[in-house]
Amino acid sequence: AQSVTQPDIHITVSEGASLELRCNYSYGATPYLFWYVQSPGQGLQLLLKYFSGDTLVQGIKGFEAEFKRSQSSFNLRKPSVHWSDAAEYFCAVGAPWGGSQGNLIFGKGTKLSVKP
Amino acid sequence: EADIYQTPRYLVIGTGKKITLECSQTMGHDKMYWYQQDPGMELHLIHYSYGVNSTEKGDLSSESTVSRIRTEHFPLTLESARPSHTSQYLCASSGAYNEQFFGPGTRLTVL
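1. Points about the state of the cysteines
Counted by the stated rule, this structure contains two disulfides over all chains. The disulfide partner of Cys-23 of chain A is Cys-91 of chain A, and the S-S distance across this bridge is 2.0 Å. Judged by the sign of its S-S torsion, about -65°, the cystine formed by Cys-23 of chain A and Cys-91 of chain A is left-handed. In this pair, Cys-23 of chain A is assigned in the loop between strand E3 (19-21) and strand E4 (24-26) and Cys-91 of chain A in strand E10 (residues 87-94), connecting sequence segments 68 residues apart. Between the sulfur of Cys-23 of chain B and that of Cys-91 of chain B lies a disulfide, 1.9 Å long from S to S. Note on the Cys-23 of chain B and Cys-91 of chain B pair: the S-S dihedral is about -75°, so by sign convention the disulfide is left-handed. Taken as a pair, Cys-23 of chain B in strand E3 (residues 19-25) and Cys-91 of chain B in strand E9 (residues 87-94) lie far apart in primary sequence, 68 residues in all.

2. Description of the interface of chain A and chain B
Across the boundary between the two partners, chain A contributes 23 residues, which contact 24 residues of chain B. Across the chain A to chain B interface the summed buried area is about 1800 Å²; carbon plus sulfur atoms make up 50%. Here chain A is connected to chain B by one salt bridge. In this structure, Lys-49 of chain A engages Glu-99 of chain B in a salt bridge whose closest nitrogen and oxygen atoms are separated by 3.0 Å. Joining chain A to chain B, the criterion identifies seven residue pairs in polar contact (both at pLDDT 80 or more).

3. A look at the nonpolar core
All names here are of chain A. Leu-19, Trp-35, Leu-47, Leu-48, Phe-74, Leu-76 and Tyr-89 are the most contacted members of the largest nonpolar core, which totals 26 residues. Residue assignment for this core shows that the elements contributing at least two residues are strand E2 (10-14), E3, strand E5 (32-38), strand E6 (44-50), strand E8 (64-68), strand E9 (73-78), E10 and strand E12 (110-115). Counting residues per element, this core draws most heavily on E10, which supplies four residues.

The rules behind each value
- In this convention, every chain numbers its residues from 1, walking through the sequence in written order.
- Throughout, the order in which chains and ligands are written sets their labels, letters from A for the former and numbers from 1 for the latter.
- Where totals are concerned, whole chains, interfaces and linings use all residues; where local detail is concerned, this predicted model gives features only for residues with pLDDT of at least 70, and gives and counts side-chain atom pairs only at 80 or more.
- Water and hydrogen atoms play no part in the side-chain values, which are based on all heavy atoms of the structure.
- Cysteine sulfur atoms are paired as a disulfide whenever they come within 2.5 Å of each other.
- Numbering of helices and strands starts at the N terminus; helices are DSSP runs of H or I of at least 4 residues and strands are runs of E of at least 2.
- Here, residues are in contact when the closest pair of their heavy atoms is within 4.5 Å.
- Buried area is a sum: the accessible area each of two parts loses on coming together, probed at 1.4 Å, counted once for each and added.
- Salt bridges are identified by distance alone: a Lys or Arg side-chain nitrogen within 4 Å of an Asp or Glu carboxyl oxygen.
- Whenever a nitrogen or oxygen atom comes within 3.5 Å of another N or O atom, the pair is scored as a polar contact, on the condition that within protein one atom can donate a hydrogen and the other can accept it, and that pairs from neighbouring residues in sequence are kept only if both atoms are in side chains.
- Among buried residues, those of type Ala, Val, Leu, Ile, Met, Phe, Trp, Tyr and Cys that are joined through side-chain atoms within 4.5 Å constitute a nonpolar core.
- Burial classification: accessible surface area is computed with a 1.4 Å probe over protein chains only, and a residue below 20% of its type maximum counts as buried, one above 50% as exposed, and the rest as partly exposed.

Right under this line is the structure:
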């Protein structure tokens with residue numbers, strides 16, 4: 001069955017520290033991969049995406065993610081966290097090449113708290 | 001500027017009222033979605049549409065209904081609101097690569 005697992009429900013890091021949020025997926029083929037961020041009471045904003053090619057992708061707000069096919073993972077990283085990064089982060093996978101179905105499968109999210 | 005809009009942003013309403021949550025996008029996307037999300041919780045897909053006159057139920061059973069008469073418009077209707085419908089409702093649209101763009105959400109409270 002297709003699924004996305006974000007093992008960490010809640011992570012707390014100090015401002016200025018590095019961050020890694022984990023995402024593992026189960027999918028029949030290499031899917032399209034996405035990370036979204038959601039601030040309280042808001043919709044989701046796309047941070048970055050992977051379709052093909054270079055397995056290290058850069059996104060907005062200084063985030064990057066690395067696709068590892070052998071581990072079925074797409075972990076999100078940031079070298080130095082800012083207080084404004086406190087939010088909920090969702091990993092998602094979708095059918096490759098657009099597919100006839102557009103539905104994404106979302107993980108349950110990881111809440112990031114930032115200590116001053 | 002291409003975007004996706006949801007109105008109202010906040011709605012407090014009494015039990016038994018009929019409500020319609022509006023969602024419009026100016027990105028020319030064929031695919032549109034409705035998600036239900038309780039605060040701090042995961043997203044649940046409740047409806048989706050792959051184009052005009054196409055609507056499907058999502059993974060989470062919902063008493064709401066949707067319509068897709070125009071490409072840019074995907075309203076969600078609750079015929080008789082109940083307190084159990086209290087939640088945040090997120091609308092999204094996607095293009096050829098299934099990259100979804102989300103609206104700001106409607107926070108619904110049913111008293």
